[in-house]
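Next come the chains, spelled out residue by residue.
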Amino acid sequence: MGDPVLVATDEGTRWITLHRPDVRNAIDVETQEALAAALADAAVDGDVDAIVLTGTDPAFSAGGDLSRFDETDHIPFRFASHDLTQVVGLIERIEKPVVAALNGVATGVGAQLALACDVRIASERARLLWREGHLGLLPAHGGIARLVQLVGLAPARDLVLGGYDLDAERAHAIGLVSEVVAHDVLHDCVRDRLRLIAGRSPDAYAVAKRVLGTVAGLPLSTGLSVETLGQSLLVGTDEFAERLARARDRSAGRPD
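Residues numbered from 1 in each chain as written. Predicted model: local features only at pLDDT ≥ 70, side-chain atom pairs only at ≥ 80, totals over all residues. Heavy atoms only, no water.

1. Considerations on the nonpolar core
Point 1. The biggest cluster of nonpolar side chains holds 43 residues, and the ones touching the most others in it are Leu35, Leu102, Trp130 and Leu176.
Point 2. Considering every element that reaches this core, the biggest residue donor is helix 3 (residues 109-116), with 6 residues.
Point 3. When neighbours within four sequence positions are excluded, Leu176 is seen to be in contact with Leu115, Arg120, Leu128, Trp130, Leu147, Leu150, Val151, Leu166 and Ala171.
Point 4. Core analysis: the second largest hydrophobic core is formed by 14 residues, Ala101, Ile121, Leu186 and Val190 among them. (Core = buried A, V, L, I, M, F, W, Y, C linked by side-chain atoms within 4.5 Å. Buried < 20%, exposed > 50% of the residue type's maximum accessible area, 1.4 Å probe, protein only. Helix = DSSP H or I, 4+ residues; strand = E, 2+ residues; numbered from the N terminus. Contact = heavy atoms within 4.5 Å.)

Okay, structure coming up:
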């Protein structure tokens, strides 16, 4: 069947592609382990500046492979579920840009992987589905908690409880994806977004990503303190000093 996760590097961007097209890139244990390894490697590889997570057409990911539910004893199931939650959370812990290129349907843990990414860019063919209720379950691995943080409680209620699916345009309307593009230019548009991000300081990006993840559920006063701490860490870096000097040179009319 081949590798369940394909890995390629293009101009500093690590492309990680879920690759089980015969089952719409459903995630079984082997795929989970391969994905975790690919993400961990990209996180520490000095030649990787950014990461793109996508799927082999026609889907992004149909979620967890149904074989995952063969273990129904509560304790082993919870252990396995926590393990998968950690894989999804790894995306948020990576201190590099992580972009989801949503090329098709994302549901179950497939949707949760997308929610954990910094930016989501959707093909016009993309759809995000919360259908766990049809199995007698509820969304896990951040499928409720991250959803509420991203779009608010009322839209999250509609998705989890209300039963409707999100096409790409509706996902964009509620702020769940950043932009919707023609399917055949999805990867080019992702590259364009990464070029914009590349102009930012990697240190500043890493700290801002961590601060954003931290303040989401905090009172404003606490969030302001976390921001200030993050800013004070960056002010002391050599990279900030170099960028500040270049900015002052430009302001004074001197060339870089």
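2. A closer look at the layout of surface pockets
It is the rolling of a water-molecule-sized probe over the atoms that shows where space remains empty.
Point 1. In this structure, the second largest pocket occupies an estimated 710 Å³ of space.
Point 2. Looking at the second largest pocket, it is lined by 24 residues, and the ones nearest its centre are Asp118, Ala208, Lys209, Leu212 and Gly213.
Point 3. Mapped by element, the contributors of at least two residues to the lining of the second largest pocket are helix 2 (74-93), helix 3, strand 7 (119-123), helix 4 (145-151), helix 7 (186-198) and helix 8 (202-215).
Point 4. Taken together, the residues that form the lining of the second largest pocket break down as 12 nonpolar, 3 polar and 9 charged. (1 Å grid on protein atoms, 1.4 Å probe; cavity = no way out; pocket = protein on both sides within 12 Å on 5 of 7 lines; lining within 4 Å. Points joined across faces, edges and corners; volume = space filled by probe spheres on them. Nonpolar A, V, L, I, M, F, W, Y, C, P; charged D, E, K, R; others polar.)

3. Let's talk about a nonpolar patch on the surface
Point 1. The grouping of Leu138, Ile144, Val148 and Leu153 at the surface amounts to a nonpolar patch, some 340 Å² of accessible area in total.
Point 2. In this fold, Leu138 is placed in the loop between strand 8 (127-129) and helix 4. (Patch = residues over 30% accessible without salt bridge, like charges linked within 9 Å, V, L, I, M, F, W, Y side chains within 5 Å. Areas by Shrake-Rupley, 256 points an atom, 1.4 Å probe, with all protein chains shown as cover. Salt bridge = Lys/Arg side-chain N within 4 Å of Asp/Glu carboxyl O.)

4. A few points about the sheet that holds strand 10 (residues 179-181)
Point 1. The sheet built from 6 strands is open, its strands ordered 1-2-3-5-7-10 with mixed pairing. Strand pairing shows two members of the sheet lacking a second neighbour, strand 1 (5-10) and strand 10, which therefore form its edges. In this sheet, adjacent strand axes meet at a mean angle of 20° when their direction is disregarded.
Point 2. Packed onto the sheet, helix 1 (residues 29-44) meets strand 1, strand 2 (13-18) and strand 3 (50-55) and runs at close to 175° relative to strand 2. (Pairing = 2+ DSSP bridges. Axes fitted to C-alpha atoms, helices over the stretch in contact; angles between N-to-C directions.)

5. Considering the packing of helix 8 against helix 9 (residues 220-235)
Point 1. For the pair helix 8 and helix 9, the least separation of the axes is 10 Å and the interaxial angle reads 165°. Here helix 9 runs roughly antiparallel to helix 8, going by the angle between their axes. For the element pair helix 8 and helix 9, the recorded crossing hand is right-handed. Across from Asp203, Ala204, Val207, Val211, Thr214 and Val215 in helix 8, the residues of helix 9 making contact are Gly223, Val226, Glu227, Gly230 and Leu234. (Parallel < 35°, antiparallel > 145°, perpendicular 65-115°, else oblique. Left-handed = near helix turned anticlockwise from the far one by under 90°.)

6. Brief notes about the pairing of strand 3
Point 1. Among the 6 residues that make up strand 3, 6 are buried, leaving the element largely enclosed by the rest of the structure.
Point 2. Burial of strand 3 is two-sided: the residues Ala50, Val52 and Thr54 facing one way and the residues Ile51, Leu53 and Gly55 facing the other way are all buried.
Point 3. Bridge count for strand 2 against strand 3 is 6 bridges, and the pairing is parallel. Bridged to Thr17 within strand 3 is Thr54.
Point 4. With respect to chirality, the unit in which strand 2 leads through helix 1 into the neighbouring parallel strand 3 is right-handed.
Point 5. The sheet contact formed by strand 3 and strand 5 (residues 98-102) spans 3 bridges and is parallel. The residue bridging Ile51 from the neighbouring strand is Val98, located in strand 5. (Right-handed = clockwise from strand over helix to strand, strands pointing away.)

7. Quick word on the sheet that holds strand 4 (residues 59-61)
Point 1. Spatial strand order, 4-6-8-9: 4 strands in an open sheet with mixed pairing. Since the sheet does not close on itself, it has two edges, and those belong to strand 4 and strand 9 (166-167), each with one partner.
Point 2. Looking at chain direction, strand 4 and strand 6 (residues 105-107) are connected through 2 bridges and run parallel. In the strand pairing of strand 6, Ser61 is matched with Ala106.
Point 3. The strands touched by helix 3 are strand 4, strand 6 and strand 8; relative to strand 6, the strand with the most contacts, the crossing angle is about 95°.

8. Thoughts on the environment of Ala62
Point 1. By the secondary structure assignment, Ala62 is in the loop between strand 4 and helix 2.
Point 2. Note on Ala62: relative accessible area 29%, which makes it partly exposed.

9. Side note on unusual backbone geometry
Point 1. The residue after Asp57, namely Pro58, is reached through a cis peptide bond having omega 20°.
Point 2. Following the sequence through the fold, Pro58 ends up in the loop between strand 3 and strand 4.
Point 3. The backbone phi angle of Arg24 is positive, close to 55°, even though this residue is not glycine.
Point 4. Topologically, Arg24 is positioned in the loop between strand 2 and helix 1.
Point 5. Look at Arg24 and you get partly exposed, because its relative accessible area is 36%.
Point 6. Look at Asn25: it is not a glycine, yet its phi comes out positive at around 60°.
Point 7. With respect to the helices and strands, Asn25 occurs in the loop between strand 2 and helix 1.

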